[in-house]
Amino acid sequence: SKRLKNLQICRPFVYGNMAVPLKEDRSPDIPPDHTHSWTVFLKGVNGDDLSNFVKRVVFKLHETYPNSSRSIEEPPFEVTETGWGEFEISIRVYFVPEASEKNVVMYHHLKLHPYGPEAEQQKSDGATVTSMQYDEFVFNEPTESLFEILTKK
Ligand code: SLL
């Protein structure tokens, strides 16, 4: 569909991960060398639903994971796993066809281990570690259809 000249629309989002150390009562299905449970996610800000313009999100995990490319087609756009190591996750976002927008990719370093001033306390508490980034999708000269999708309430 036609593109709207001289117009730019932005939509904020956050991406990142949460991680918790596995406890003694871990499930027997979890490999013994795994130390953490974690979730990598991409989501709207303040509970905004992104699925009206995001069609799918592909999280590419370390190749030590089975089916390391995980495609999520509806919210919540997230993957939960267990493991022992930190690594880079690519997060590729595909937009609805009406948008006629190229996919975009972000890279997130999976964080399991606390560090910094509160690390010792966090470790002894077995606290959740969070690492996330704020970003914005910027649509320059959006199609009319994308404009409608993004502006209807
Ligand atoms: C390292 N850069 O070499 C890291 C790689 C790989 C993480 C970390 C277990 C996967 C599985 C897992 O945590 N892999 O067993 O399915 O230290």
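Residues numbered from 1 in each chain as written. Predicted model: local features only at pLDDT ≥ 70, side-chain atom pairs only at ≥ 80, totals over all residues. Heavy atoms only, no water.

Visitor: Would you mind going over the nonpolar core with me for this structure?
Guide: It is characteristic of soluble globular proteins that their nonpolar side chains tend to be buried jointly. In terms of nonpolar packing, the biggest core is built from 32 residues, with Trp 38 and Phe 53 touching the most fellow members. Sorting the residues of this core by element identifies strand 1 (8–21), strand 2 (36–44), strand 3 (54–60), strand 5 (77–83), strand 6 (88–95), strand 8 (129–140) and helix 2 (144–151) as the ones contributing at least two each. Residues contacting Phe 53, with those up to four places away along its chain left out, are Arg 11, Tyr 94, Phe 95, Val 96, Phe 137, Phe 139, Leu 146, Ile 149 and Leu 150. (Core = buried A, V, L, I, M, F, W, Y, C linked by side-chain atoms within 4.5 Å. Buried < 20%, exposed > 50% of the residue type's maximum accessible area, 1.4 Å probe, protein only. Helix = DSSP H or I, 4+ residues; strand = E, 2+ residues; numbered from the N terminus. Contact = heavy atoms within 4.5 Å.)

Visitor: Would you explain the sheet that holds strand 7 (residues 104–109) in this entry?
Guide: By definition, the strands of a sheet pair up through backbone hydrogen bonds, in either a parallel or an antiparallel sense. The strand order across the open sheet formed by four strands is 4-3-6-7, and the pairing between neighbours is antiparallel. The open sheet has two edge strands, strand 4 (69–72) and strand 7, and neither has a second partner. Each adjacent strand pair in this sheet contributes to an overall mean axis angle of 20°, direction not counted. Sheet analysis places strand 6 next to strand 7, joined by six bridges and oriented antiparallel. The partner of Ile 91 across the bridge, within strand 7, is Met 106. (Pairing = 2+ DSSP bridges. Axes fitted to C-alpha atoms, helices over the stretch in contact; angles between N-to-C directions.)

Visitor: Can you help me understand the environment of Ser 51 in this one?
Guide: Looking at the secondary structure, you find Ser 51 in the loop between strand 2 and strand 3. On the basis of relative accessible area, Ser 51 is assigned to the partly exposed category, the value being 28%. Sequence separation between Ser 51 and Val 96 is 45 residues, and the spatial gap between their C-alpha atoms is 8.8 Å. Contact partners of Ser 51, with chain neighbours within four places excluded, come to Pro 75 and Phe 77. A distance of 2.8 Å separates a polar atom in the side chain of Ser 51 from a polar atom in the side chain of Asp 49. (Polar contact = N/O pair within 3.5 Å; in protein donor to acceptor, adjacent residues only side chain to side chain.)

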